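Letter by letter, the chains look like this.
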Amino acid sequence: MIPLVGLAVGVVLGLLLEPTLPTVLQPYLPIAIVAALDALFGAFRAYLEGTFTDRVFVVSFVSNVLIAALIVFVGDQIGVGSQLSTGVVVVLGIRIFTNVAAIRRILFHA
Amino acid sequence: MSSPATSGATVRTDKGGPRRVDASMDLLNQILREPVDPDYARLSRQPARPRTRAGWRLALVLVVAGALFAVAALQTNRAAPVQATERAELVERIQAAETEQDTLRAQVDDLDGQIGALRAVALGDDGSSRATEAQIDRLGPAVGQGPVTGPGVVVVVDDAPSTSSDARDQVLDLDLQVLANGLWQAGAEAVSINGHRLSGLTAIRGAGDAITVDYRSLTRPYRVEAVGDPRTLQARLADSPAGAWWNDLASNRGMTYQTSDAGRLALDSDPGITLRYARAVGR
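Calculation rules
- Residues numbered from 1 in each chain as written.
- Chains lettered and ligands numbered in written order.
- Predicted model: local features only at pLDDT ≥ 70, side-chain atom pairs only at ≥ 80, totals over all residues.
- Heavy atoms only, no water.
- Helix = DSSP H or I, 4+ residues; strand = E, 2+ residues; numbered from the N terminus.
- Buried < 20%, exposed > 50% of the residue type's maximum accessible area, 1.4 Å probe, protein only.
- Phe/Tyr/Trp six-rings, centres within 6.5 Å; stacked < 30°, edge-to-face > 60°.
- Expected span 1.5 Å × (residues − 1).
- Arc of directions from axis to C-beta.
- Axes fitted to C-alpha atoms, helices over the stretch in contact; angles between N-to-C directions.
- Parallel < 35°, antiparallel > 145°, perpendicular 65-115°, else oblique.
- Left-handed = near helix turned anticlockwise from the far one by under 90°.
- Contact = heavy atoms within 4.5 Å.
- Nonpolar A, V, L, I, M, F, W, Y, C, P; charged D, E, K, R; others polar.
- Salt bridge = Lys/Arg side-chain N within 4 Å of Asp/Glu carboxyl O.
- Patch = residues over 30% accessible without salt bridge, like charges linked within 9 Å, V, L, I, M, F, W, Y side chains within 5 Å.
- Areas by Shrake-Rupley, 256 points an atom, 1.4 Å probe, with all protein chains shown as cover.
- Lys, Arg positive; Asp, Glu negative; His and termini not counted.
- Charge placed at Lys NZ, Arg CZ, Asp CG, Glu CD.
- Buried area = accessible area lost by both parts, 1.4 Å probe.
- Polar contact = N/O pair within 3.5 Å; in protein donor to acceptor, adjacent residues only side chain to side chain.

Draft legend 1. Representation of the environment of Leu66(A) within the structure. By the element assignment, Leu66(A) lies in helix α3 (residues 54–78). We classify Leu66(A) as exposed; its relative accessible area is 55%.

See the structure below:
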């Protein structure tokens, strides 16, 4: 229950407060979100498999987001920012798909 | 991947078993096999941990995650319409300017026609007037006041295909001036560069990175069209100093310099030529 409420509260807060992100950080938001999605789906799968631990989730979420943004930042500095973003999206996308497939198998047994 | 013990079918376990030799390198295998953080499994195997009171951390992180989604969605949706409106506005302004240009051009043509008609009326129909008319008809095209059609040559010149930004490998305003003067010298009746008709008042200048003809900037490649006697124009151009100049640029700098005959060229009049001096007949 807590997760869904937390997500909903976050969405509502974001919509209501409309915080403006500093322009420096704007390029890293999309990639951070993909990393966050990866952590969320991983956590959901672990929850369904009965191995969920909130400490691991918090650590993996924060580190995922920060590392994804950091990779893109470093890429921007050395001139391969968009390519590295693509790489991060591909890797995280594969993980998200794998996790969602596992979640589907657990939920629907299909 | 060489020995059977390290084949892809081996399922790696977290503890025990020999570590595969390529364990640190099979990125894709690892992504597919370990999509969930292995720490979930490790911590959950530890016997009967007391449930931590870290629920608030979980909630906080999820609030942050939700806020991230909302902010990103807001930003994407807010930026899109702004960009679209700006684009539409720019397109609208360009179209308005183009329409205005067309109207003005039509107006110029109309007024030119009126000037011609008024001149014919004012000159009357006697012998000297007809001589004057004939002179106007002969000189008009030569000075760029009227459009000219006829055979001629087309000269296409362009920068050397090098990637260096060496100005000596690029066509300069001086080079086009030399070429235009060479064409006049070779007997051209009318010359235009990229569709801009040259007259005695035309300025060919460099402005920043671009060459301008009458303050309208040109884009590469430069296509110089000249109406004249097709039998002699090209040969006389080659013999002129301009031909030598451009042969030198083409052979030593690698610039493009191609001349070809054209059966029929149509050059517009120079819009810069206007009626500057007039006087009423008989005064």
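Past the structure itself, the notes keep going.
Draft legend 2. Representation of the environment of Ala72(B) in the model. One can find Ala72(B) in helix α3 (residues 55–123). Judged by its relative accessible area of 13%, Ala72(B) falls in the buried class.

Draft legend 3. How the structure looks around the packing of aromatic side chains. Residue and element names in this part refer to chain A. This structure, assessed with the given rule, holds six aromatic pairs over all chains. Ring geometry for Phe-57 against Phe-61: centres 5.9 Å apart, planes inclined by 50°, an arrangement best described as tilted. Within this pair, Phe-57 and its partner Phe-61 are both found in helix α3, separated by four residues, close to a single helical turn. For the residue pair Phe-57 and Phe-61, the accessibility class agrees, reading buried in each case. One aromatic cluster is present, formed by Phe-44, Tyr-47, Phe-52, Phe-57 and Phe-61 through successive ring pairs.

Draft legend 4. Examining helix α1 (residues 2–17) of chain A more closely. Residue and element names in this part refer to chain A. Helix length check: α1 (16 residues) gives 22 Å between terminal C-alpha atoms against 22 Å at 1.5 Å per residue, within 8%. Among all positions of α1, only Gly-6, Gly-10 and Gly-14 are buried. Projected down its long axis, α1 carries its buried residues within an arc of 65°, all on one side. Among the exposed residues of α1, those oriented more than 90 degrees off its buried face are Leu-4 and Leu-16.

Draft legend 5. Region of interest: the packing of α1(A) against α3(B). Contact geometry for α1(A) and α3(B): axes closest at 6 Å, N-to-C directions at 40°. Between α1(A) and α3(B), the angle is such that the two are oblique. Relative to α3(B), the crossing made by α1(A) is right-handed. Residues Ile2(A), Pro3(A), Gly6(A), Leu7(A), Val9(A), Gly10(A), Val11(A), Leu13(A), Gly14(A) and Leu15(A) of α1(A) touch α3(B), and the partners they reach there are Gly55(B), Ala59(B), Leu62(B), Val63(B), Ala65(B), Gly66(B), Ala67(B), Phe69(B), Ala70(B) and Leu74(B). Classifying every residue of the contact of α1(A) with α3(B) by side-chain character gives 15 nonpolar, five polar and no charged.

Draft legend 6. Main features of the pattern of salt bridges. All names here are of chain B. Tallied over the full model, the rule gives six salt bridges over all chains. In this structure, the salt-bridge partner of Arg-231 is Asp-229, at a minimum N-O distance of 3.3 Å. One connected set of salt bridges, linked through shared partners, spans Asp-158, Asp-159 and Arg-220.

Draft legend 7. Spatial organisation of a negative patch on the surface. Together, Asp109(B), Asp110(B), Asp112(B) and Asp268(B) line one region of the surface with negative charge. Within the secondary structure, Asp268(B) sits in the segment after β8 (256–267).

Draft legend 8. Seen up close, the interface of chain A and chain B. Each partner contributes to the interface: chain A provides 37 residues, whereas chain B provides 33 residues. A combined buried area of about 3,300 Å² lies between chain A and chain B, and 76% of that area is made up of carbon and sulfur atoms. It is Leu29(A), Asp54(A) and Val56(A) in chain A that bury the most area against chain B; as a group they hold 15% of the surface buried on that side. Between chain A and chain B we count zero salt bridges in total. On the surface where chain A and chain B come into contact, there are one residue pair in polar contact (both at pLDDT 80 or more). Every element with two or more residues in the side of chain A that touches chain B is listed here: α1, α2 (29–48), α3 and α4 (81–108) of chain A. The biggest single contributor to the side of chain A that touches chain B is α1(A), with ten residues. When its residues are assigned to classes, the side of chain A that touches chain B shows 22 nonpolar, ten polar and five charged.

Keep in mind these values describe shape, not function.
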